Every structure is written in structure tokens, then in C-alpha cells.
Amino acid sequence: AAVSVVLLSAAAMLGRSLYNLEHQNLGFATDGRYLVSIDSKLSNQPQERLLPLFREIETGLRAFPGVRTVSAALYAPMSGSYWSHDVRIAGQPEPGAGNDVSSAWTRVMPGFFETIGDRIVMGRPIVDTDDATARRVAVINEAFAKTFFPNENPIGGHFGPAAGRNASLYEIVGVAADVRYFPSTVHAVPMYFVPEAQ
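In this text the structure is predicted, and so the values were computed from the model without any measurement. (Residues numbered from 1 in each chain as written. Predicted model: local features only at pLDDT ≥ 70, side-chain atom pairs only at ≥ 80, totals over all residues. Heavy atoms only, no water.)

Draft legend 1. Highlighting the nonpolar core. Counting residues in each nonpolar core, the largest one holds 16 residues, and the members touching the most others are Ile140, Phe144, Phe148, Phe159 and Tyr192. Breaking this core down by element, the ones donating at least two residues are strand E1 (83-89), strand E4 (137-141), helix H4 (142-148), strand E6 (170-176) and strand E7 (191-195). Leaving out residues up to four positions away in the same chain, phenylalanine 148 has contacts with Val87, Ile89, Gln92, Val101, Ser102 and Pro190. Counting 13 residues, the second-largest nonpolar core is a separate cluster that includes Phe113, Ile116, Val139 and Ala176. (Core = buried A, V, L, I, M, F, W, Y, C linked by side-chain atoms within 4.5 Å. Buried < 20%, exposed > 50% of the residue type's maximum accessible area, 1.4 Å probe, protein only. Helix = DSSP H or I, 4+ residues; strand = E, 2+ residues; numbered from the N terminus. Contact = heavy atoms within 4.5 Å.)

Draft legend 2. Quick peek at the pattern of salt bridges. Within the structure shown, the criterion is met by six salt bridges. Linking glutamate 94 and arginine 88 is a salt bridge whose minimum nitrogen-to-oxygen distance equals 3.1 Å. The exposure class of glutamate 94 is exposed, given its relative accessible area of 53%. Overall, the relative accessible area of 15% leaves arginine 88 in the buried class. Between arginine 135 and glutamate 171 there is a salt bridge, and its shortest N-O distance comes to 2.8 Å. Of this pair, arginine 135 sits in the loop between strand E3 (120-123) and E4 while glutamate 171 sits in strand E6, placing them 36 residues apart in sequence. The exposure class of arginine 135 is partly exposed, given its relative accessible area of 47%. (Salt bridge = Lys/Arg side-chain N within 4 Å of Asp/Glu carboxyl O.)

Draft legend 3. Quick look at the packing of aromatic side chains. In the structure shown here, the tally under the stated rule is 12 aromatic pairs. Judged by centre distance (4.8 Å) and plane angle (75°), the rings of phenylalanine 159 and tyrosine 192 are edge-to-face. Placement of the pair is phenylalanine 159 in strand E5 (residues 158-161) and tyrosine 192 in strand E7, with a sequence separation of 33 residues. Both residues of the pair, phenylalanine 159 and tyrosine 192, belong to the buried class. Pairing tyrosine 170 with tyrosine 192 gives two aromatic rings, centres 5.7 Å apart and planes at 45°, and the pair type is tilted. Here tyrosine 170 is found in strand E6, whereas its partner tyrosine 192 is found in strand E7, with 22 residues between them in sequence. On the accessibility criterion, tyrosine 192 (1% relative accessible area) is buried. (Phe/Tyr/Trp six-rings, centres within 6.5 Å; stacked < 30°, edge-to-face > 60°.)

Okay, here's the thing in C-alpha cells:
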């Protein structure tokens, strides 16, 4: 009887944990969304051919009945994969040795935020005109804004990867609601999104 009680308790806790995992707020819509993973290295295409290839794939996927929107990203939310590095903010002093100034980042195609159901809370998303001929832009998440631009409007601000000479590389054009990118974290981490076309 005692063993049965222990097993039933463990099963109930496991069931509750699975329910909580399924119904947690990830910051993006999950219903009706599908993830297709593509390894572009397998195509043997040169770098300059990848953007047209991604656009061809998007066009093909949009042709399927019932598909409303398609977009691409280097890393998808909750994939557990990401790139990160320290950033510097234009006009701000060099951070101290103990300060955490790291940010995750990814490259995205136009329509990314709409496709995953992420809200743009300020400014604008990445659009088609954000290409190689335009100024370098980025959309940041709310965690990035709170960390690096506390109590100020980040739109129009500039930042870049460390070192300081890169601090003006990207102009912030939008702020997206926080999305959980990493299964192991409870809260969103500072993150920015740059156009694949740039």
C-alpha cells in the first residue's frame, strides 16, 4: 500500500509537471505553427545564393493550402540553440569587469514576428527594405531594452558587438515582446534580431 501511494503521488506530480510544461507562457503562439529545419550547408550553395534560396523555400511553403504566413530564422524559439556575445551601447561608458553585457542574437527574415505570434511593442519589425543597401538595423526584445536602455526609449539608439568601435553598428528600429528561446531558462534573456538580408 505504501509503495502504491508513493507511485501514485509520483505519477500525479509528473502529470502536473507535464501539464505545466504544455500550458506555460512562452511569449509566442504555438497553435497552428510548424517548424521546418533546414541545414543550408547541405545545399552546397555559396553565401550570396542563400538568401534567394530561403525566399524560394518560403514561396513554396506559402503555396500549401491553409498556410497564412511563413518566415525564416537562424534559430527558432525554444530550440535551445543561440549565438551570444557582449554588446556595447553607443554613448554609454565601457562596462565594468563584473557587469554582464551579453546578449543572444539571431538573424530573421521579414514576417518573422508575425509568423511566430510575437508582438512588436514599440517601433517596427524587420521588413523587406532592410536589405544590404539599407542602414544596418535591429529589433531588440524587452529584456534587452530593460538591461541596456533602462528608463529610456531605445528606438533610434545604437549598439553593436564588443569591442567599443562597433557600438554604432546597429540602429534599433523596434522592440519585440519577450519570447522564451531557451528551455532551461524561466525568463527571457536580452536578445536582438537582425535582418538576414543584411
